[in-house]
Amino acid sequence: MKNVQNVFAAVITLGILLASCEQLNLFSNKASDLIEEIASADNKTTVSTAELPAEILTYVSTNFFETYIETASLVENTGYEITLGSEDQLYFDTDGTSLDSVAGCQNDSTGNRPRRGHGRGPHAHGQNCGGLDSLVSLESLPAAIYTYISTTYGDSAEVRHAKLDNSGQYVVAITGHIILVFDASGNFVEVAQIIRHCRGGHGTPVAVSDLLAAITTYINTQYPGAEIKKAFQKDNGNFVVGILYNGTRVILVFDASGNFLAVHA
């Protein structure tokens, strides 16, 4: 009798698991369909980062802390398309829930979650920089990383976020919007301020002293006391300048003549 009860319980458990999987796949398929609907829509409206749901800003600043939001579009009653400075594209529903993470949460035939490229369309890329599922717990970082940070930046330096890129390197954000890169053993590789260009080819670095006078004048006027940390010129001629203003990262975009175009998170 006990064996019969055990078999009956196992059948019920299996049924619940199968139902859960079917529900998960249903949500995933709906998310994928919604992504395609947003990506192919011809009625997208450009919105500023200030108009985005807080959930989107938090998601990007946590999962893609090494880049920034370059453009954002809204398809009314459908969702958002976000293009990052790395040229990756992310998709969210109108509540700010990541559709990419939902669409990518199906298990494959081995029971593991597949690694997905983040983004679609003409500028879609695989996870060369790391992204979805690439965050690592701060406790799992090699001790050598913490030793380097405390020695170089002092004990007050706070480790904010960490991820693994596709090459197996640790990308670590610390206080002051400084991004550090370490190899798999925790050996220091490089430092970046404000933005990390992990793929290269998305802009030519520009020394602060070489910036157009119109750009530095605008920054000094609109953001007095700001520190210019990084600047580069994109292939389209626009200048992108990263500054620290009152401890906050601000990304400013100017045209080839130094005229202000936009501000981004």
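One can find the structure itself at the top, above this paragraph.
Fair warning: this is a prediction, and the values are worked out from it, not measured in the lab.

Relative to the helices and strands, Asp93 is located in strand 4 (residues 89–93). One buried charged residue, Asp93, forms no salt bridge at all, with the nearest opposite charge on Lys30 at 12 Å. One polar contact links the side chain of Asp93 to the main-chain amide nitrogen of Asp95, over a distance of 2.9 Å. Once you skip the residues sitting within four places of it in the chain, Asp93 turns out to touch Leu34, Thr78, Gly79, Tyr80 and Leu99.

If you trace the four strands from one edge of the open sheet to the other, you get 5-6-7-8, paired in antiparallel fashion. Two strands bound the open sheet, and with one partner strand each, they are strand 5 (159–164) and strand 8 (188–193). Each strand axis lies, on average, 20° off the axis of its neighbour in the sheet, ignoring direction. Packed on one face of the sheet, helix 4 (residues 143–153) meets strand 5, strand 6 (170–174), strand 7 (178–182) and strand 8 and runs near 135° to strand 7.

Here we take up the layout of surface pockets. Empty space within the largest pocket amounts to approximately 400 Å³. Elements that contribute at least two residues to the lining of the largest pocket include exactly helix 2 (54–63), strand 5, strand 6, strand 7 and strand 12 (248–254). Examining the composition of the lining of the largest pocket, we find that three residues originate from one element, helix 2, more than from any other. Taken as a whole, the second largest pocket holds about 190 Å³ of empty space. Glu70, Lys234, Asn236, Asn238 and Val253 are the residues nearest the centre of the second largest pocket, which is lined by 13 residues in total. Secondary structure elements with two or more residues in the lining of the second largest pocket: strand 2 (69–75) and strand 13 (260–264). It is strand 13 that contributes the most residues to the lining of the second largest pocket, three residues altogether. Taken together, the residues that form the lining of the second largest pocket break down as four nonpolar, five polar and four charged.

Conventions and cut-offs
- Residues numbered from 1 in each chain as written.
- Predicted model: local features only at pLDDT ≥ 70, side-chain atom pairs only at ≥ 80, totals over all residues.
- Heavy atoms only, no water.
- Helix = DSSP H or I, 4+ residues; strand = E, 2+ residues; numbered from the N terminus.
- Buried < 20%, exposed > 50% of the residue type's maximum accessible area, 1.4 Å probe, protein only.
- Lys, Arg positive; Asp, Glu negative; His and termini not counted.
- Salt bridge = Lys/Arg side-chain N within 4 Å of Asp/Glu carboxyl O.
- Polar contact = N/O pair within 3.5 Å; in protein donor to acceptor, adjacent residues only side chain to side chain.
- Contact = heavy atoms within 4.5 Å.
- Pairing = 2+ DSSP bridges.
- Axes fitted to C-alpha atoms, helices over the stretch in contact; angles between N-to-C directions.
- 1 Å grid on protein atoms, 1.4 Å probe; cavity = no way out; pocket = protein on both sides within 12 Å on 5 of 7 lines; lining within 4 Å.
- Points joined across faces, edges and corners; volume = space filled by probe spheres on them.
- Nonpolar A, V, L, I, M, F, W, Y, C, P; charged D, E, K, R; others polar.

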